[in-house]
Amino acid sequence: INAEYGEGEDVKQWNTAIESLPDKTWFGAPWLFVECYMYRYIHSVLQDTTHFQYPHFDVFREEKQKGLMSSLPNMSKIWSSLCDVTMVTRDVIATCIKLSLWGNKTDLSLLEHFKLSVKDVQSGVAVDENDGRILSNDLEKVVECLMSLENGHVGIVLDNSGYELFSDLCLVDALLRSGRVTMVTLHQKAIPWFVSDVTQCDFNSTLSDLLGCEELKGFSERLSSYKSAGKLVTTEHPFWTSPSPYCDMQSVAPDLYDQLSKYDLVLFKGDLNYRKLVNDRTWSYDTRFGTALEGFSPTKVCALRTVKSDSIVGCDKERVEKILSEDRDSMFCGSYALISTNF
């Protein structure tokens, strides 16, 4: 394995990391490292071409665009309920957090159970029937943190484009309308990553596609107004596509660590971010989330993740083992979730 193709300030970091591996084979190296390297290698090869360089060409663009367009009916249904909510209460924030959480589920089948109405959103019961599948649930801590802010600044480290990004933007809208948060910074990937991860191009095309949908036009215009006013900021950093776990951020990317430390809360979306947070170790299921972060604590941290791999902490060990013994596959397809905090 080597990363000799292409340019980028992270090439040396990747080569150094590869050289340090005791076993450099596909099945011998740590699986998370191999997965990340594959996408970095694809990008490197394409950057070495004349016509297929990012951002002019994204090898995953077509697939992401299809996913977004197929989700527009469900997005319209959800936004038609949210847009009429005049007062953003604790329950509205809680519901939008759960929408963002379950937006990380690979398929959209869960949407059939949302049954959203303005009344449901205002009462916070719209997604309550799925609460039993949240294996570690620090939702109340997160809501309390957000509702106690004054002129708050929240960071969100994004995961997937398409419906998940839409659900994240619904949460952004709720936060900025709550009167508690005055700025949200979205962290995106600098290059195409894990097929569907959000890049700046994806963010821009999402706003454009929402604008072209009559039912979602107002939502797109609202988000654009937040951008123009400096309330919604998008940013990227090479660390998010580096080989390093997040416990190494302070030493590897101190500028990014310092940026996160200025937020009142940072939300990490999805399975990959979670695995990087806990270094993809085989922790005991009842290990405290804060312990598994191994010193990574720039500010208050919350992970919103539907489970798709076997690094799981902060849970009732017996319950997780029972689920695994009865139906192991169900644990890793996004049917269960975690809302985990370090505070």
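These figures come from a predicted structure and were not determined experimentally. (Residues numbered from 1 in each chain as written. Predicted model: local features only at pLDDT ≥ 70, side-chain atom pairs only at ≥ 80, totals over all residues. Heavy atoms only, no water.)

(A) Broad picture of the overall build of the protein. Check the secondary structure of the protein and you find 14 helices and seven strands. A compact globule built from 343 residues would reach a C-alpha radius of gyration of about 20 Å, and the protein, at 20 Å, matches this within 12%. Overall, the protein is about 55 × 50 × 40 Å in size when its C-alpha atoms are taken along their principal axes. Relative to its 343 residues, the protein shows a buried fraction of 54%. When the accessible surface of the protein is summed, it comes to about 14700 Å², and 49% of that surface belongs to carbon and sulfur atoms. (Helix = DSSP H or I, 4+ residues; strand = E, 2+ residues; numbered from the N terminus. Rg over C-alpha atoms; globule rule 2.2 N^0.38 Å. Buried < 20%, exposed > 50% of the residue type's maximum accessible area, 1.4 Å probe, protein only. Areas by Shrake-Rupley, 256 points an atom, 1.4 Å probe, with all protein chains shown as cover.)

(B) View of the confidence of the model for the protein. Averaged over the protein, the pLDDT score is 91; the fraction of residues at 70 or greater is 92%. Ignoring residues within four places in sequence, the model shows residues 107–126, a span with pLDDT below 50, making 46 contacts including any to other chains. (pLDDT = per-residue confidence, 0-100. Contact = heavy atoms within 4.5 Å.)

(C) Representation of the pairing of strand β7 (residues 337–341) within the structure. By the criterion of burial, β7 is predominantly enclosed, with five of the five residues buried. Across the two faces of β7 the burial is the same, with Ala337, Ile339 and Thr341 and Leu338 and Ser340 all buried. Of the pairings in the sheet, the one linking strand β1 (residues 134–137) to β7 comprises three bridges and is parallel in character. Following the sheet pairing, asparagine 137 is matched in β7 by isoleucine 339. Pairing geometry for strand β6 (residues 301–306) and β7, over five bridges, is antiparallel. (Pairing = 2+ DSSP bridges.)

(D) Highlighting the packing of aromatic side chains. Per the stated rule, a full pass over the model turns up 21 aromatic pairs. With 6.3 Å between their ring centres and 50 degrees between their planes, tyrosine 39 and tryptophan 193 make a pair best called tilted. With tyrosine 39 in helix α2 (residues 31–47) and tryptophan 193 in the loop between β3 (181–188) and α8 (200–211), this pair connects stretches of sequence that are 154 residues apart. Since its relative accessible area comes to 0%, tryptophan 193 is described here as buried. Aromatic rings pair up to connect Phe239, Trp240, Tyr246, Tyr257, Phe268 and Phe296 into one cluster. (Phe/Tyr/Trp six-rings, centres within 6.5 Å; stacked < 30°, edge-to-face > 60°.)

(E) Spatial organisation of the side chain of threonine 206. Tracing the chain through its elements places threonine 206 in helix α8. When neighbours within four sequence positions are excluded, threonine 206 is seen to be in contact with Leu68 and Leu165.

(F) Representation of unusual backbone geometry within the structure. In the segment running from tyrosine 54 into proline 55, the intervening peptide bond is cis, with an omega of 15 degrees. Note on placement: proline 55 falls in the loop between α2 and α3 (61–82). Positioned with a positive phi, phenylalanine 194 is a non-glycine residue whose angle comes to about 50 degrees. As for its placement among the helices and strands, phenylalanine 194 is situated in the loop between β3 and α8. Phi is positive for aspartate 280, which is not a glycine, with a value near 50 degrees. Along the chain, aspartate 280 falls in the loop between α12 (270–277) and α13 (289–292). When its relative accessible area of 24% is taken as the criterion, aspartate 280 is described as partly exposed.

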